[in-house]
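# Descriptive structure summary
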Amino acid sequence: ELKVEQNPLFLSMQEGKNYTIYCNYSTTSDRLYWYRQDPGKSLESLFVLLSNGAVKQEGRLMASLDTKARLSTLHITAAVHDLSATYFCAGKSSSGTYKYIFGTGTRLKVLA
Amino acid sequence: DAGVIQSPRHEVTEMGQEVTLRCKPISGHNSLFWYRQTMMRGLELLIYFNNNVPIDDSGMPEDRFSAKMPNASFSTLKIQPSEPRDSAVYFCASSPNTPGVRYGYTFGSGTRLTVV
């Protein structure tokens, strides 16, 4: 079954800096999702990446997918405090299923 | 659409009591998922249904946990008897069979369960 690993688990960064969160997955997944969770809140879908080389951007967040390397990245550009949250990636467990496996999450704290 | 609706939002119960969590998925979504989130174990998939049928319950931790989906608009997750280690936030999520190209699952607000 698919395993999804994220790193780092915790990330503290200064406002205005750039950083990347990495999501590695163990077997083929035909799509990869990124979610955001604010403390005490539910998960909110950010991006879905469907194919190799896919890139999606919204605001200061950009997600990409490399299916050959089984790697997705979430890049943060010029971080602002409002981006402080936990970010999860999720991949499809296996073909013929609608089951998605979530990574451990990366807890991001942007310091003013 | 009101989104995925879970109730109650918070539940505090004594060890040994039965707990029932409820979920109303988004109308038209074929798949429904129950997740549990804790600091130690992260986000765990407990069970998922497709077209009201349980497809994979391999994540259900023990026989004390059971889930039902009697119709397309309602699901329950029951814990009987409850134990302190069941304390967690339980999320319900729903999805169309082909999750949209823009969005994946839609999660409910969660039920924070505390067993004392």
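Structure: see above.
First, a word on what this report is: a plain description of the structure on this page. (Residues numbered from 1 in each chain as written. Chains lettered and ligands numbered in written order. Predicted model: local features only at pLDDT ≥ 70, side-chain atom pairs only at ≥ 80, totals over all residues. Heavy atoms only, no water.)

## What about the nonpolar core?
For soluble globular proteins, the rule of thumb is that nonpolar side chains tend to be buried together. In terms of nonpolar packing, the biggest core is built from 26 residues, with Leu32(A), Trp34(A), Leu61(A), Leu74(A), Ile76(A), Tyr87(A) and Leu108(A) touching the most fellow members. Of all elements in the fold, only strand E2 (10–14), strand E3 (19–25), strand E4 (32–37), strand E5 (43–49), strand E7 (61–66), strand E8 (71–76), strand E9 (85–92) and strand E11 (106–111) of chain A reach the threshold of two or more residues within this core. Once residues within four sequence positions are removed from consideration, Leu74(A) is found in contact with Tyr19(A), Thr20(A), Ile21(A), Trp34(A), Phe47(A), Leu61(A), Met62(A), Ala63(A) and Tyr87(A). Ranked by size, the runner-up nonpolar core spans 21 residues in total, among them Val4(B), Met60(B), Leu77(B) and Ala88(B). (Core = buried A, V, L, I, M, F, W, Y, C linked by side-chain atoms within 4.5 Å. Buried < 20%, exposed > 50% of the residue type's maximum accessible area, 1.4 Å probe, protein only. Helix = DSSP H or I, 4+ residues; strand = E, 2+ residues; numbered from the N terminus. Contact = heavy atoms within 4.5 Å.)

## Some thoughts on the state of the cysteines
As enumerated under the stated definition, the model contains 2 disulfides over all chains in all. Residue Cys23(A) pairs covalently with Cys89(A) via a disulfide, S to S 2.0 Å. With the S-S bond torsion at 85°, the cross-link from Cys23(A) to Cys89(A) turns out right-handed. Separated by 66 residues along the polypeptide, Cys23(A) in strand E3 and Cys89(A) in strand E9 bring together distant segments of the chain. Each member of the pair, Cys23(A) as well as Cys89(A), is classed as buried. Each sulfur of the disulfide joining Cys23(B) and Cys92(B) lies 1.9 Å from the other. One disulfide, between Cys23(B) and Cys92(B), carries an S-S torsion of -65° and so falls in the left-handed class. Of the two residues, Cys23(B) is situated in strand E3 (residues 19–24) and Cys92(B) in strand E9 (residues 88–95); the sequence distance between them amounts to 69 residues. Across the pair, Cys92(B) and Cys23(B) agree in class, each one buried. (Disulfide = S-S within 2.5 Å.)

## Points about the sheet that holds E3(A)
All names here are of chain A. Here 5 strands make up an open sheet; going across it, the order is E1-E3-E8-E7-E6 and the pairing antiparallel. For this open sheet the edge positions go to strand E1 (4–7) and strand E6 (55–58), each flanked by a neighbour on one side alone. Going across the sheet, the axis of each strand differs from the next one's by a mean of 15°, ignoring polarity. (Pairing = 2+ DSSP bridges. Axes fitted to C-alpha atoms, helices over the stretch in contact; angles between N-to-C directions.)

## As for the environment of Asn52(A)
Residues and elements named next belong to chain A. Looking at the element boundaries, Asn52 is found in the loop between E5 and E6. Setting aside residues up to four positions removed in sequence, Asn52 forms contacts with Leu65, Asp66, Thr67 and Lys68. Reaching out from Asn52, the side chain makes a polar contact with the backbone nitrogen of Thr67 at a distance of 2.8 Å. (Polar contact = N/O pair within 3.5 Å; in protein donor to acceptor, adjacent residues only side chain to side chain.)

## Observations concerning the interface of chain B and chain A
With 24 residues of chain B at the interface, the matching set in chain A holds 19 residues. Where chain B abuts chain A, roughly 1,700 Å² becomes buried across the two surfaces, and 55% of that area is made up of carbon and sulfur atoms. When residues of chain B are sorted by the area they lose upon contact with chain A, Leu43(B), Tyr105(B) and Phe107(B) head the list and together hold 26% of the total. On inspection of chain B and its partner chain A, the count reaches 0 salt bridges. Put simply, chain B and chain A have 5 residue pairs in polar contact (both at pLDDT 80 or more) between them. Residue assignment for the side of chain B that touches chain A shows that the elements contributing at least two residues are strand E4 (31–38) and strand E5 (42–50) of chain B. Within the side of chain B that touches chain A, the residues separate by chemical class into 12 nonpolar, 9 polar and 3 charged. (Buried area = accessible area lost by both parts, 1.4 Å probe. Salt bridge = Lys/Arg side-chain N within 4 Å of Asp/Glu carboxyl O. Nonpolar A, V, L, I, M, F, W, Y, C, P; charged D, E, K, R; others polar.)

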